Amino acid sequence: MPHHQQPQPIRSLLRIPLFRLLAINLAIGACAAALLVGGLLWLNPGHLRELIFADRSPGIALALLLASFLITFGSAAMGSAIMAQGRKEDSGKGGGGHGSRLAVQEVAQRRRTQ
């Protein structure tokens, strides 16, 4: 069987640490959104499931609900990952992010020294 490789632009984007961080957190937010929509349909609060499936085209309502949750939770997960970039993991001083470097700054520093 022939080995299928990913297109070159996607491979090169996944090598960038910031893009990889954002993609992983977008996937986490998408999973949370799918679980929440599934939970809403399962629990049926305010007869939401009955309202959606009583429509002539329930797929559109489900797609809009899932898309809005995906945008919300995906952007929240990505934003929290970006805001957590400045933290020092091993510091117990509690001084916030003072003196720590962002991942982008570290990558730029490594490229300058090479």
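For the structure, see preceding data.
These numbers were taken from a predicted model, which means no experiment stands behind them.

A.B. asks: Could you clarify how one ought to interpret the overall build of the chain in this entry?
C.D. replies: For the chain, the count of helices and strands is five helices and zero strands. When its helices and strands are written in sequence order, the chain yields α-α-α-α-α. A buried classification covers 13% of the 114 residues belonging to the chain. In the chain, 53% of the contacts between residues at least 6 apart in sequence involve partners at least 24 apart. Taken as a whole, the chain presents about 9000 Å² of accessible surface, with 64% of it coming from carbon and sulfur.

A.B. asks: Please clarify how the nonpolar core should be interpreted in this entry.
C.D. replies: Within the largest apolar cluster, six residues are counted, these being A33, V37, L41, I52, L65 and F69. Those elements that place two or more of their residues in this core are α2 (17-43) and α4 (58-83). It is α2 that provides the largest number of residues to this core, a total of three residues. Those residues in contact with F69, other than ones at most four positions away along the chain, are A33, L36, V37, L40 and G74.

A.B. asks: Which parts of the structure should I look at to understand the environment of I16?
C.D. replies: Looking at the element boundaries, I16 is found in the loop between α1 (8-14) and α2. For the pair formed by I16 and V107, sequence separation is 91 residues and the distance between their alpha carbons is 9.3 Å.

A.B. asks: Explain a nonpolar patch on the surface to me, please; I cannot follow it from the model alone.
C.D. replies: On the surface, a cluster of nonpolar side chains totalling about 600 Å² of accessible area is made up of I10, L13, L14, I16, L18, F19, I82 and V104. Where the nonpolar patch is concerned, the elements lending two or more residues are α1 and α2. Sorting elements by how many residues they give to the nonpolar patch places α1 first, with three residues. Turning to its location among the elements, L18 is positioned in helix α2.

A.B. asks: Before we go on, may I ask you to explain the packing of aromatic side chains in this structure?
C.D. replies: How two aromatic rings sit relative to each other is given by the distance of their centres and the angle of their planes. What the rule picks out here adds up to one aromatic pair. Ring plane angle 15 degrees and centroid distance 6.0 Å describe the contact between F69 and F73, whose orientation is recorded as stacked. Of the two residues, F69 and F73 are both situated in helix α4; the distance of four residues between them amounts to about one turn of the helix. A residue is classified by how much of its surface remains accessible, and F73, at 30% relative accessible area, is partly exposed.

A.B. asks: Which parts of the structure should I look at to understand the side chain of N44?
C.D. replies: In this fold, N44 is placed in the loop between α2 and α3 (48-53). Separated by 3.0 Å, the side chain of N44 and the backbone nitrogen of L48 make a polar contact. Not counting chain neighbours up to four residues away, the residues in contact with N44 comprise R49 and E50.

Parameters at a glance
Residues numbered from 1 in each chain as written. Predicted model: local features only at pLDDT ≥ 70, side-chain atom pairs only at ≥ 80, totals over all residues. Heavy atoms only, no water. Helix = DSSP H or I, 4+ residues; strand = E, 2+ residues; numbered from the N terminus. Buried < 20%, exposed > 50% of the residue type's maximum accessible area, 1.4 Å probe, protein only. Contact = heavy atoms within 4.5 Å. Areas by Shrake-Rupley, 256 points an atom, 1.4 Å probe, with all protein chains shown as cover. Core = buried A, V, L, I, M, F, W, Y, C linked by side-chain atoms within 4.5 Å. Patch = residues over 30% accessible without salt bridge, like charges linked within 9 Å, V, L, I, M, F, W, Y side chains within 5 Å. Salt bridge = Lys/Arg side-chain N within 4 Å of Asp/Glu carboxyl O. Phe/Tyr/Trp six-rings, centres within 6.5 Å; stacked < 30°, edge-to-face > 60°. Polar contact = N/O pair within 3.5 Å; in protein donor to acceptor, adjacent residues only side chain to side chain.

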